[in-house]
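Spelled out, the chains give:
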Amino acid sequence: MAAAAAAKIVEVRETTRVERIGAHSHIRGLGLDDSLEARHVSQGMVGQVSARRAVGIVLHMIRDGRIAGRAVLLAGQPGTGKTAIATALAAALGQDTPFTSMAGSEIYSLEMSKTEAITQAIRKSIGVRIKEESEIIEGEVVEVQIERPASGVGTKVGKLILKTTDMETVYDLGGKMIESLLKEKVQSGDVITIDKATGKITRLGRSFARARDYDATGQQTRFVQCPEGELQKRKEVVHTVTLHEIDVINSRTHGFLALFSGDTGEIKPEVREQINGKVAEWREEGKAEIIPGVLFIDEVHMLDIECFSFLNRALENEMSPIVIMATNRGVTKIRGTNYKSPHGIPLDLLDRTIIVPTQPYDEKELREILSIRCEEEDCQMSDNALTVLTRICKETSLRYGMQLIMTSSLIARKRKAHEVDVEDIKRAYQLFFDEGRSVQFLREYQQEFMFNEMDDKEEMEIENN
Ligand SMILES: Nc1ncnc2c1ncn2[C@@H]1O[C@H](COP(=O)(O)OP(=O)(O)OP(=O)(O)O)[C@@H](O)[C@H]1O
Ligand SMILES: [Mg+2]
């Protein structure tokens with residue numbers, strides 16, 4: 001008996017996480033307090049305090065919603081958390097504010113012109129909040145009666161009795177309504193709403209009065225009060241869509257299905273003009289509101305001069321989103337020209353931009369980030385191992401150190417240890433090269449590689465980097 005019980009317990013597995021672990025999956029927000037000061041470690045973010053604070057101010061600017069067309073540039077060395085901060089901003093903004101993320105190089109691989117790609121990205125980042133008034137019936141279900149014809153074929157007929165605290169009404173049901181009631185598994189004691197225009201039924205939960213019918217309720221059941229007053233109500237429904245979605249739905253060549261495949265192709269300027277006109281009309285009538293979101297362009301130095309000047313112009317539009325860019329380049333050539341400029345961005349765009357610098361991390365911060373990543377990757381690591389790994393990060397790079405977490409954890413698992421120790425880190429460090437050792441290796445064995453053209457000057461350049 002006891003053995004059988006034990007066997008049963010083994011069968012119950014822990015629920016495992018289904019999301020995949022990405023480079024930034026440990027980041028859940030900017031980690032700011034109410035006065036916008038960055039907490040040293042919070043919501044997965046560590047250090048980089050002044051950049052986070054600056055982006056926090058941008059966050060408020062976006063939430064305020066009145067300012068359009070500002071550009072922010074996150075500039076700093078590789079691995080200093082620029083993409084991480086942008087991810088944090090997206091998380092902090094929440095679902096309702098559009099956030100579009102693209103890499104500068106993306107525009108060259110799309111089947112559309114570069115300016116069209118940027119226009120689409122811009123319009124994806126502007127939300128339109130549309131208010132609609134609809135008539136609904138809201139009440140607690142007293143009874144559902146559905147009569148099937150004895151023969152089994154033919155239309156079903158039925159009655160639905162709904163009540164509020166003040167009244168009770170009987171509704172005759174047609175075939176369609178019966179279908180949706182059955183589909184939603186509506187039963188007496190549920191509180192439901194019926195949209196009069198579409199006939200859509202939504203279950204709000206179970207009435208408190210029925211809270212004792214524990215037989216019929218699952219664990220996730222939500223209990224709500226029985227509604228008061230009239231059964232028929234007017235309700236304001238708010239939808240948020242992006243300008244791009246409206247474009248696609250109204251573009252005759254594609255239709256809304258293109259939204260799912262993402263294959264929207266180019267959209268005619270006339271369509272956009274019409275939609276801008278329509279949206280302006282809705283705004284005047286108070287039916288719609290514009291929500292400027294964020295367009296994040298990572299690796300922005302990959303854009304070329306045409307894109308930059310197009311962006312310049314787009315930023316001046318009243319319906320422009322806040323554009324956040326990130327780059328790790330110093331003074332370099334602007335793509336498509338022979339001119340050099342800071343960050344590879346033309347001066348006229350830089351002039352319109354506020355620049356947020358990111359700084360390299362100190363040892364304490366590196367250790368903190370690594371330990372957050374260990375938790376994210378479900379890896380137990382001894383204190384000594386973490387110290388060694390932090391040293392490695394300091395000498396090589398944060399990204400290389402992060403790669404060693406998973407590899408050394410696999411090595412530890414191989415020797416059936418639950419915790420990664422210094423030995424495992426050492427082993428991983430020997431197996432996988434960082435960039436510095438790889439260059440050294442190339443230098444020693446360059447004769448044996450194909451297409452070897454490293455001359456002294458290039459060697460010097462690599463050394464200087
Ligand atoms: N302050 C931080 N707190 C927590 N994690 C961080 C922080 N900064 C960086 N990271 C993590 O370190 C890794 C490298 O950072 P990130 O990709 O943001 O660098 P980057 O500045 O965008 O570099 P690049 O210029 O090469 O694109 C990421 O996995 C990121 O999530
Ligand atoms: Mg990045």
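What comes next is a walk through the structure. Because the structure is a prediction, the values reported are computed rather than measured. (Residues numbered from 1 in each chain as written. Chains lettered and ligands numbered in written order. Predicted model: local features only at pLDDT ≥ 70, side-chain atom pairs only at ≥ 80, totals over all residues. Heavy atoms only, no water.)

Within the protein, the secondary structure is distributed over 16 helices and 17 strands. Taking the intrachain contacts of the protein between residues at least 6 apart in sequence as the baseline, contacts between residues at least 24 apart amount to 65%. (Helix = DSSP H or I, 4+ residues; strand = E, 2+ residues; numbered from the N terminus. Contact = heavy atoms within 4.5 Å.)

The next point concerns the pairing of strand β5 (residues 126–147). Remember that side chains alternate between the two faces of the sheet whenever the strand is regular. Pairing geometry for β5 and strand β12 (residues 288–292), over five bridges, is antiparallel. When the bridges of β12 are listed, I126 appears paired with P292. Both β5 and strand β11 (residues 232–242) contribute to a ladder of eleven bridges, which runs antiparallel. Following the sheet pairing, I137 is matched in β11 by Q232. In this structure, β5 lies alongside strand β8 (residues 190–195), joined through five bridges in antiparallel fashion. (Pairing = 2+ DSSP bridges.)

Right, let's get into the nonpolar core. Among the nonpolar cores identified, the biggest contains 38 residues, and V128, I297, V300, L303 and M325 are the most heavily contacted of them. Ranked by the residues each element gives to this core, the list is headed by helix α9 (residues 305–315), at five residues. With near-sequence residues (within four places) excluded, V128 lies in contact with H239, T240, V241, L243, I246, V279, A288, E289 and I290. Listed in part, the 26 residues of the second largest apolar core include I62, I85, A88 and I324. (Core = buried A, V, L, I, M, F, W, Y, C linked by side-chain atoms within 4.5 Å. Buried < 20%, exposed > 50% of the residue type's maximum accessible area, 1.4 Å probe, protein only.)

With respect to spatial proximity, 21 residues lie near ligand 1, and among them V46, K82, T83, Y361 and R399 are the closest. Taking H26, its side chain carries an N or O atom lying 3.0 Å from a nitrogen atom of ligand 1. Expressed as a share of its isolated accessible area of 620 Å², the protein-covered part of ligand 1 is 95%. Every element with two or more residues in the shell around ligand 1 is listed here: β2 (45–46), α3 (82–93) and α13 (398–414). (Near = heavy atom within 4 Å. Polar contact = N/O pair within 3.5 Å; in protein donor to acceptor, adjacent residues only side chain to side chain. Areas by Shrake-Rupley, 256 points an atom, 1.4 Å probe, with all protein chains shown as cover.)

One way to put it is that helix α6 (residues 243–250) packs onto helix α8 (residues 269–284) with a least axis distance of 10 Å and a crossing angle of 120 degrees. One way to sum up the angle between α6 and α8 is to call them oblique. Between α6 and α8 lies a crossing whose hand is right-handed. The residues of α8 that touch α6, namely those facing L243, I246, D247 and N250, are V271, R272, I275, V279 and W282. Here the contact of α6 with α8 is built from residues that sort into six nonpolar, one polar and two charged. (Axes fitted to C-alpha atoms, helices over the stretch in contact; angles between N-to-C directions. Parallel < 35°, antiparallel > 145°, perpendicular 65-115°, else oblique. Left-handed = near helix turned anticlockwise from the far one by under 90°. Nonpolar A, V, L, I, M, F, W, Y, C, P; charged D, E, K, R; others polar.)

Further remarks concern the packing of aromatic side chains. By the definition in use, this model includes five aromatic pairs. With centroids separated by 6.0 Å and ring planes inclined at 25 degrees, the aromatic side chains of F208 and F223 adopt a geometry described as stacked. With F208 in the loop between β9 (201–207) and β10 (223–224) and F223 in strand β10, the pair connects residues that are 15 residues apart, well separated along the chain. A relative accessible area of 43% places F208 in the partly exposed class. Ring pairing ties together the aromatic residues F433, F441 and Y445, which thus form one cluster. Cation over ring: R335 sits above Y108, and NZ or CZ is 4.5 Å from the ring centre. If you follow R437 out to its NZ or CZ, it ends over the ring of Y429, 3.6 Å from the centre. (Phe/Tyr/Trp six-rings, centres within 6.5 Å; stacked < 30°, edge-to-face > 60°. Lys NZ or Arg CZ within 6 Å of the ring centre and 35° of its normal.)

Let us now look at unusual backbone geometry. At H343, a position not held by glycine, the phi torsion is positive, near 60 degrees. Positionally, H343 belongs in the loop between β16 (340–342) and α10 (347–351). A relative accessible area of 17% places H343 in the buried class. A positive phi angle is found at D378, which is not glycine, with a value near 55 degrees.

Along the chain, T119 turns up in helix α4 (residues 114–124). Residue class for T119 comes out buried when judged on its relative accessible area of 18%. Not counting chain neighbours up to four residues away, the residues in contact with T119 comprise R272 and F310.

A few words now on the environment of Q48. Relative to the assigned elements, Q48 resides in the loop between β2 and α2 (49–64). With relative accessibility at 7%, the residue Q48 sits in the buried group. Non-local contacts of Q48, meaning those with residues more than four positions away in its chain, are made with T80, I85, T358, Q359, Y361 and E365. Here T80 takes part through its backbone oxygen, which lies 2.8 Å from a polar atom of the side chain of Q48.

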